[in-house]
Amino acid sequence: MISLHNLAEFDWQTHLKQAVTRLDTLLEAVELTANDVDISEEAARSFTLKVPLTYLARIKKGDPNDPLLLQVLPQKAEMESFPGYSHDPLAEMVSNPAPGLIHKYQGRVLFIVSGACAINCRYCFRRHFPYEDQQLSGDQWQQVLTYLRNDPSISEVIFSGGDPLATSDNRLDRMISDLEAIPHLERLRIHTRLPVVIPQRVTDQLAQRLAQSRFKTVCVLHINHPNEIDDAVGQATLKLRDARVTVLNQAVLLKNINDNAAILHQLSLRLFDYAILPYYLFLLDKVEGAAHFDIDDEAAASLVRQLQATLPGYLVPRLAREVPGKPSKTWIAF
Ligand SMILES: *Cc1c(COP(=O)(O)O)cnc(C)c1O
Ligand code: SF4
């Protein structure tokens, strides 16, 4: 195993392969025992534990309540069922006009580039989707391109997943080139957590490809807590910005992790240290196994009111949730 001291020397693929997937290894690395935390092997079997060393290194040792640890630690509470929580809360399996393509909102399509992720976040709606590593055949990609060519109302393609950056730079390059050949497409957006989890993912090849694209490009990161942003993450983000990418962040409001006005305030400031703007603050998707992370709407609205009272408007995220069947995200009044 790589030690936690020379992480910068390895490329992102190595970090992906070396991710910790065993509970005992994780506990040992963060200097805790099974008596300190409410872990569950059963939860870890139902949705694998997965945490790369680059992320693990940011977890405070010996702290069972560390906000980064709680995002990846399989806990007993995940095995409880609650009414209103389902396996597919977003009903994404409908509105699929071509393989991997979700067209729900006007002008924008979301494309599942890769089902794989660098990290398994316990609150994720994806925890019940078995689509890890499922890659489209050339023929299916042609179906996607045909659909996009035939609908001039589409101006933006969103690369999503899983994590779209779990795929190789060469494949991304070919996909972007195919999309650039469709004249009515104007924007490319990438929804990814990889540069946060493994900052080495922002390779020179990726940055150069985005810089050379005719698209206006947007990268929406997923960062929930200021401790996730170390200098390596910041430098990776600035590299994207140097490639003329607009970098935004979406966070999920999570009980005992970031449901605190001071933490959210710090998060906004820390994001802006590296020119990242807060975009959405999402209420949890009601996915089975994640109920213990949920914050009610009134508490969430109160948190955002406190942010609004203390931060410039551009550092206040939009409080929102995804409601299946709606033509956009649903903003929550605060
Ligand atoms: C969230 C989402 C988008 C993007 O919505 P914005 O409000 O533009 O960020 C697009 N398509 C789908 C299917 C989505 O879930
Ligand atoms: S899709 Fe995003 S939130 Fe879900 S497990 Fe992957 S990285 Fe985490």
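Residues numbered from 1 in each chain as written. Chains lettered and ligands numbered in written order. Predicted model: local features only at pLDDT ≥ 70, side-chain atom pairs only at ≥ 80, totals over all residues. Heavy atoms only, no water.

You'll find the chain entered in an unreviewed UniProt entry as L-lysine 2,3-aminomutase, with Neptunomonas phycophila given as the organism. You can read under Catalytic activity (unreviewed entry) in the UniProt record for the chain the words "L-lysine = D-beta-lysine". Here is the UniProt Sequence similarities (unreviewed entry) comment for the chain, exactly as written: "Belongs to the radical SAM superfamily. KamA family." (UniProt positions renumbered as here; feature names shortened; annotations may be inferred.)

Peer 1: Whenever I open this one, the site of ligand 2 confuses me. Can you help?
Peer 2: Surveying the vicinity of ligand 2 reveals the residues Cys117, Ile119, Cys121, Cys124, Arg126, Gly162, Arg193 and His222. The residue makeup of the shell around ligand 2, split by class, is four nonpolar, two polar and two charged. (Near = heavy atom within 4 Å. Nonpolar A, V, L, I, M, F, W, Y, C, P; charged D, E, K, R; others polar.)

Peer 1: Help me understand the packing of helix α11 (residues 261–273) against helix α12 (residues 297–310), please; the structure alone is not making it clear to me.
Peer 2: If you want to describe how two helices pack, look at the angle between their axes and the distance between the axes. Interhelical geometry of α11 versus α12 gives an angle of 50° and a closest axis separation of 9 Å. On the basis of their axis angle, the class for α11 and α12 is oblique. Seen from above, α11 lies across α12 with right-handed handedness. Counting all contacts with α11, which are made through Ala261, Leu264 and His265, the residues of α12 involved are Leu303, Gln306, Leu307 and Thr310. Its residues placed into classes, the contact of α11 with α12 shows four nonpolar, three polar and no charged. (Axes fitted to C-alpha atoms, helices over the stretch in contact; angles between N-to-C directions. Helix = DSSP H or I, 4+ residues; strand = E, 2+ residues; numbered from the N terminus. Parallel < 35°, antiparallel > 145°, perpendicular 65-115°, else oblique. Left-handed = near helix turned anticlockwise from the far one by under 90°. Contact = heavy atoms within 4.5 Å.)

Peer 1: What is the right way to read the site of ligand 1 from this model?
Peer 2: All residues adjacent to ligand 1 are Ile102, Lys104, Tyr105, Arg108, Leu110, Ile158, Arg189, Tyr279, Tyr280, Glu322 and Lys329. Take Arg189: an N or O atom from its side chain is 2.8 Å from an oxygen atom of ligand 1. Here Tyr280 contributes a side-chain N or O atom positioned 2.6 Å from an oxygen atom of ligand 1. Sorting the residues of the shell around ligand 1 by element identifies β1 (101–105), β2 (108–114) and β7 (277–282) as the ones contributing at least two each. A per-class count over the shell around ligand 1 returns six nonpolar, no polar and five charged. (Polar contact = N/O pair within 3.5 Å; in protein donor to acceptor, adjacent residues only side chain to side chain.)

Peer 1: How should I be thinking about the packing of helix α7 (residues 169–180) against helix α9 (residues 204–212) in this particular structure?
Peer 2: Between α7 and α9, the shortest axis-to-axis distance is 10 Å and the interhelical angle comes to 5°. Taken together, the axes of α7 and α9 lie roughly parallel to each other. Residue-level contacts link Asp169, Asn170, Leu172, Asp173, Ile176, Ser177 and Glu180 of α7 to Gln205, Leu206, Arg209 and Leu210 of α9. Class assignment for the residues of the contact of α7 with α9 results in four nonpolar, three polar and four charged.

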